[in-house]
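# Structural overview for review
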Amino acid sequence: MHELTIAREVMRVLRASAAEESLDRIESVSLKVGVISCLHPAALRTAFSVLKTDDELLCGARLQVQCVPVVIRCSRCGGRWEVDPPEFLCPGCGSRRVRVLKGEEVIIHSYRGTRTGEEEGMLDEDSVGTECNAEVRH
Ligand SMILES: [Zn+2]
(Lines give C-alpha, C1' and ligand atoms only; values in the text may rest on other atoms or scores of the structure.)
Protein backbone atom coordinates (compact mmCIF):
# COMPACT_ATOMS: atom_id res chain seq x y z
CA MET A 1 0.00 0.00 0.00
CA HIS A 2 1.50 3.26 -1.21
CA GLU A 3 -0.23 5.32 1.50
CA LEU A 4 1.68 3.42 4.21
CA THR A 5 5.00 4.44 2.67
CA ILE A 6 3.89 8.08 2.44
CA ALA A 7 2.54 8.09 6.01
CA ARG A 8 5.92 6.75 7.21
CA GLU A 9 7.77 9.45 5.29
CA VAL A 10 5.43 12.14 6.66
CA MET A 11 6.14 10.92 10.19
CA ARG A 12 9.89 10.90 9.54
CA VAL A 13 9.82 14.54 8.38
CA LEU A 14 7.62 15.52 11.35
CA ARG A 15 9.96 13.82 13.84
CA ALA A 16 12.97 15.69 12.47
CA SER A 17 11.13 19.00 12.39
CA ALA A 18 9.62 18.57 15.87
CA ALA A 19 13.07 17.76 17.26
CA GLU A 20 14.35 21.06 15.86
CA GLU A 21 11.45 22.88 17.52
CA SER A 22 11.94 20.91 20.77
CA LEU A 23 8.34 19.68 20.72
CA ASP A 24 7.32 16.72 22.88
CA ARG A 25 3.97 16.07 21.26
CA ILE A 26 2.28 16.82 17.99
CA GLU A 27 -1.46 17.53 18.23
CA SER A 28 -2.45 18.08 14.63
CA VAL A 29 -0.95 17.88 11.18
CA SER A 30 -2.21 19.51 8.01
CA LEU A 31 -1.31 17.78 4.76
CA LYS A 32 -1.90 19.03 1.24
CA VAL A 33 -2.33 16.23 -1.23
CA GLY A 34 -2.61 16.75 -4.97
CA VAL A 35 -5.68 15.14 -6.51
CA ILE A 36 -3.53 13.31 -9.07
CA SER A 37 -0.93 12.13 -6.56
CA CYS A 38 -2.64 8.69 -6.65
CA LEU A 39 -3.16 8.86 -2.89
CA HIS A 40 -6.50 8.36 -1.21
CA PRO A 41 -7.02 10.71 1.75
CA ALA A 42 -9.01 8.08 3.67
CA ALA A 43 -6.30 5.44 3.18
CA LEU A 44 -3.67 7.97 4.18
CA ARG A 45 -5.53 8.78 7.39
CA THR A 46 -5.91 5.07 8.15
CA ALA A 47 -2.20 4.40 7.56
CA PHE A 48 -1.29 7.33 9.77
CA SER A 49 -3.53 6.23 12.62
CA VAL A 50 -2.13 2.69 12.49
CA LEU A 51 1.49 3.87 12.49
CA LYS A 52 1.12 6.53 15.17
CA THR A 53 -0.20 4.23 17.95
CA ASP A 54 3.24 3.32 19.33
CA ASP A 55 4.74 6.72 18.74
CA GLU A 56 5.11 8.96 21.75
CA LEU A 57 5.44 12.13 19.69
CA LEU A 58 2.58 11.44 17.29
CA CYS A 59 0.07 9.17 19.06
CA GLY A 60 -2.31 12.05 19.79
CA ALA A 61 -1.98 13.75 16.43
CA ARG A 62 -4.98 14.39 14.22
CA LEU A 63 -4.29 14.32 10.51
CA GLN A 64 -6.10 16.75 8.23
CA VAL A 65 -5.86 16.11 4.52
CA GLN A 66 -6.60 18.92 2.13
CA CYS A 67 -6.89 18.14 -1.57
CA VAL A 68 -4.97 20.34 -3.98
CA PRO A 69 -6.65 20.77 -7.38
CA VAL A 70 -4.83 20.31 -10.67
CA VAL A 71 -3.40 23.52 -12.11
CA ILE A 72 -1.96 23.54 -15.61
CA ARG A 73 -0.12 26.04 -17.74
CA CYS A 74 -0.80 26.02 -21.45
CA SER A 75 2.29 26.04 -23.69
CA ARG A 76 0.35 27.65 -26.52
CA CYS A 77 -1.53 30.59 -24.96
CA GLY A 78 0.32 30.75 -21.65
CA GLY A 79 -2.91 30.53 -19.66
CA ARG A 80 -2.98 29.09 -16.18
CA TRP A 81 -6.05 27.04 -15.30
CA GLU A 82 -7.58 24.73 -12.79
CA VAL A 83 -8.80 21.60 -14.59
CA ASP A 84 -10.63 18.42 -13.63
CA PRO A 85 -8.61 15.28 -14.30
CA PRO A 86 -8.41 13.31 -16.48
CA GLU A 87 -9.06 16.21 -18.90
CA PHE A 88 -5.75 17.97 -19.49
CA LEU A 89 -6.95 20.42 -22.05
CA CYS A 90 -6.47 24.18 -22.05
CA PRO A 91 -9.91 25.75 -21.38
CA GLY A 92 -8.67 28.92 -23.11
CA CYS A 93 -7.50 27.71 -26.51
CA GLY A 94 -8.16 23.98 -26.50
CA SER A 95 -4.49 23.00 -26.74
CA ARG A 96 -3.29 19.74 -25.21
CA ARG A 97 0.23 21.07 -24.84
CA VAL A 98 -0.06 21.78 -21.16
CA ARG A 99 2.21 21.41 -18.19
CA VAL A 100 0.96 20.36 -14.76
CA LEU A 101 1.98 22.96 -12.17
CA LYS A 102 0.05 21.64 -9.19
CA GLY A 103 -1.87 18.54 -8.25
CA GLU A 104 0.82 15.87 -7.97
CA GLU A 105 2.39 16.94 -4.70
CA VAL A 106 2.23 15.78 -1.10
CA ILE A 107 3.10 18.62 1.23
CA ILE A 108 3.21 18.80 5.00
CA HIS A 109 1.66 22.25 5.19
CA SER A 110 1.82 22.85 8.94
CA TYR A 111 1.50 21.17 12.29
CA ARG A 112 0.79 22.07 15.87
CA GLY A 113 2.49 20.61 18.89
CA THR A 114 3.35 21.18 22.50
CA ARG A 115 6.63 21.67 24.22
CA THR A 116 7.07 21.10 27.92
CA GLY A 117 9.41 23.53 29.58
CA GLU A 118 10.26 24.32 33.13
CA GLU A 119 9.69 27.78 34.50
CA GLU A 120 10.63 28.60 38.08
CA GLY A 121 10.32 24.95 38.99
CA MET A 122 6.83 24.66 37.49
CA LEU A 123 6.15 22.51 34.48
CA ASP A 124 4.85 24.68 31.74
CA GLU A 125 3.28 23.53 28.51
CA ASP A 126 3.54 25.64 25.40
CA SER A 127 1.42 25.15 22.31
CA VAL A 128 3.34 25.87 19.14
CA GLY A 129 2.11 26.09 15.57
CA THR A 130 4.69 25.51 12.88
CA GLU A 131 4.55 26.27 9.18
CA CYS A 132 6.36 23.39 7.61
CA ASN A 133 5.73 23.29 3.84
CA ALA A 134 7.92 20.22 3.40
CA GLU A 135 7.33 18.29 0.21
CA VAL A 136 7.20 14.52 0.66
CA ARG A 137 8.69 12.47 -2.15
CA HIS A 138 6.44 9.82 -3.60
ZN1 LIG B 1 -4.14 27.58 -24.17
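Summary of the structure given here. (Residues numbered from 1 in each chain as written. Predicted model: local features only at pLDDT ≥ 70, side-chain atom pairs only at ≥ 80, totals over all residues.)

### Examining helix H2 (residues 41-52)
Compared with an ideal rise of 1.5 Å per residue, which puts twelve residues at 16 Å, H2 spans 16 Å between its outermost C-alpha atoms and is within 8% of the ideal. Among the residues of H2, those classed as buried are Leu44, Ala47, Phe48 and Lys52. Axial view of H2: buried residues confined to an arc of 120 degrees, hence all on one face. Turned more than 90 degrees away from the buried face of H2, the exposed residues are Ala42 and Val50. (Helix = DSSP H or I, 4+ residues; strand = E, 2+ residues; numbered from the N terminus. Expected span 1.5 Å × (residues − 1). Buried ≥ 20, exposed ≤ 12 C-beta atoms within 10 Å, placed from the backbone. Arc of directions from axis to C-beta.)

### Examining the environment of glutamate 104
Relative to the helices and strands, glutamate 104 resides in the loop between strand E5 (98-102) and strand E6 (106-119). Since 15 C-beta atoms lie within 10 Å of it, glutamate 104 is described here as partly exposed. Placed 26 residues apart in sequence, glutamate 104 and threonine 130 show a C-alpha to C-alpha distance of 23 Å. Setting aside residues no more than four positions away along its own chain, glutamate 104 makes contact with Gly34, Ile36 and Ser37. (Contact = placed C-beta atoms within 7 Å.)

### Let's talk about helix H1 (residues 2-20)
Look at H1: 28 Å from first C-alpha to last across 19 residues, which is about the 27 Å you get at 1.5 Å a residue. Buried within H1 we find Ile6, Ala7, Val10, Met11, Leu14 and Ala18. Relative to the axis of H1, the buried residues are bounded by an arc of 140 degrees and lie together on one face. Exposed side of H1, more than 90 degrees from the buried face: Arg12, Ala16, Ala19 and Glu20 are the residues found there. After H1 finishes, the residue serine 22 shows a positive phi value of roughly 55 degrees.

### Description of the environment of glycine 92
Within the secondary structure, glycine 92 is located in the loop between strand E4 (80-83) and E5. Of the residues examined, glycine 92 has 13 C-beta atoms within 10 Å and is grouped as partly exposed. It is 8.4 Å that separates the C-alpha atoms of glycine 92 and tryptophan 81, two residues lying eleven residues apart in sequence. With near-sequence residues (within four places) excluded, glycine 92 lies in contact with Cys74, Cys77, Gly79 and Trp81.

### Some words on the nonpolar core
With 22 residues, the main nonpolar core has Val10, Leu14, Ile26 and Val29 as its most contacted residues. Elements that contribute at least two residues to this core include exactly H1, strand E1 (25-34), H2 and E6. The element contributing the most residues to this core is H1, with six residues. When near neighbours in sequence (up to four residues on either side) are disregarded, valine 10 contacts Leu31, Ile108 and Val136. Of all hydrophobic cores here, the second largest spans five residues; its members include Val70, Ile72, Cys74 and Val98. (Core = buried A, V, L, I, M, F, W, Y, C linked by C-beta atoms within 7 Å.)

### A look at the environment of lysine 52
As for its position among the elements, lysine 52 is in helix H2. For lysine 52, a count of 21 C-beta atoms within 10 Å puts it in the buried group. In sequence terms lysine 52 and arginine 62 are ten residues apart; their C-alpha atoms lie 10.0 Å from each other. Excluding anything up to four places from it in sequence, lysine 52 contacts Leu58, Cys59 and Ala61.

It is worth stressing that arrangement in space is one thing and function is another; only the former is reported here.
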